[in-house]
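Fold and contact review
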Amino acid sequence: PETWPHPEHLSDIGKPHRCMAPRSSPTTGLAASLPHLAGGKNYWKSMMDEPVLRFAAALRAKGIPYVCCEFCGNNHPMEHVSAANHYKQLHHWLAERSNIQYSEARQQLWQTCLVGGVGGLRFNHL
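Residues numbered from 1 in each chain as written. Predicted model: local features only at pLDDT ≥ 70, side-chain atom pairs only at ≥ 80, totals over all residues. Heavy atoms only, no water.

For the rest of this paragraph, the subject is the packing of aromatic side chains. Each aromatic ring pair is summarised here by two numbers: the centre-to-centre distance and the angle between the ring planes. This structure, assessed with the given rule, holds 3 aromatic pairs. An angle of 50 degrees between the planes, with centres 5.9 Å apart, marks the rings of W44 and Y87 as tilted. Taken together, the residues span a long stretch of sequence, with W44 in helix α2 (residues 41–61) and Y87 in helix α3 (residues 84–95) at a distance of 43 residues. Note on accessibility: W44 and Y87 belong to one class, buried. Residues F71 and W93 carry aromatic rings whose centres are separated by 6.2 Å and whose planes lie at 70 degrees to one another, so their mutual orientation is edge-to-face. Within this pair, whereas F71 is found in the loop between α2 and α3, its partner W93 is found in helix α3, the two being separated by 22 residues in sequence. The ring of W110 carries the charged tip of R122 above its face, separated from the ring centre by 3.8 Å. (Phe/Tyr/Trp six-rings, centres within 6.5 Å; stacked < 30°, edge-to-face > 60°. Helix = DSSP H or I, 4+ residues; strand = E, 2+ residues; numbered from the N terminus. Buried < 20%, exposed > 50% of the residue type's maximum accessible area, 1.4 Å probe, protein only. Lys NZ or Arg CZ within 6 Å of the ring centre and 35° of its normal.)

On to the confidence of the model for the protein chain, then. Confidence in the prediction of the protein chain, expressed as mean pLDDT, is 85, and 83% of residues score 70 or more. Here strand β2 (residues 119–124) stands out as the least confident element of the protein chain, with mean pLDDT 82; helix α4 (residues 102–108) is the most confident, with 94. (pLDDT = per-residue confidence, 0-100.)

With that out of the way, let us pick up the side chain of S24. Relative to the elements of secondary structure, S24 occurs in the segment before α1 (35–38). With relative accessibility at 14%, the residue S24 sits in the buried group. Ignoring sequence-local partners within four residues, the contact set of S24 consists of L34, P35, H36 and Y102. (Contact = heavy atoms within 4.5 Å.)

Let us now look at the side chain of Q111. Mapped onto the elements of the fold, Q111 is located in strand β1 (residues 110–115). A polar contact of 2.7 Å, which involves the side chain of Q111, links it to the backbone oxygen of C68. Within the structure, Q111 has its side chain in polar contact with the backbone nitrogen of E70 (distance 3.0 Å). In this structure, Q111 is in contact with F55, V67, C68, C69, E70, F71, M78, L121, R122, F123 and H125, ignoring residues within four places of it in sequence. (Polar contact = N/O pair within 3.5 Å; in protein donor to acceptor, adjacent residues only side chain to side chain.)

Taking 1.5 Å per residue as the helical rise, α3 with its 12 residues ought to reach 16 Å, and the 16 Å between its terminal C-alpha atoms agrees with that figure. Burial in α3 covers these residues: H86, Y87, L90, W93 and L94. All buried residues of α3 lie within an arc of 120 degrees about the axis, which places them on one face of the element. Opposite its buried face, α3 presents the exposed residues K88 and A95, each directed more than 90 degrees away. If you follow the buried residues of α3, they end up packed against α1, α2 and α4. (Expected span 1.5 Å × (residues − 1). Arc of directions from axis to C-beta.)

For the structure shown, the criterion picks out 0 disulfides. A disulfide-free cysteine, C69 has its sulfur positioned 3.9 Å from the sulfur of C72, the nearest such atom. (Disulfide = S-S within 2.5 Å.)

Below, the structure written as structure tokens:
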């Protein structure tokens, strides 16, 4: 996307640079309390469509035409992240970790795509 910096133009190469803010903040500190996650699959889709599509577009702009969702392991394209099946998989993952704090879950759910020797783009599945 035009508003995102190009990895090769960042002054702090090798350090994360946020292109989009998280979709919401947890209400209790637990990952499961994220409003966009607790609000149901339709609310999830409405909140996640934009970051998912922007991430896929940024990768295409860097010559990476197709990236699979690494969280689900089903070889679906990244665009599936805002779909009901991904939402269900994420709920299942969180149910297995019922008291996981948002900060810990967030660290475990990054997906990184390396971009031609200049760094990478990361997407968080939360």
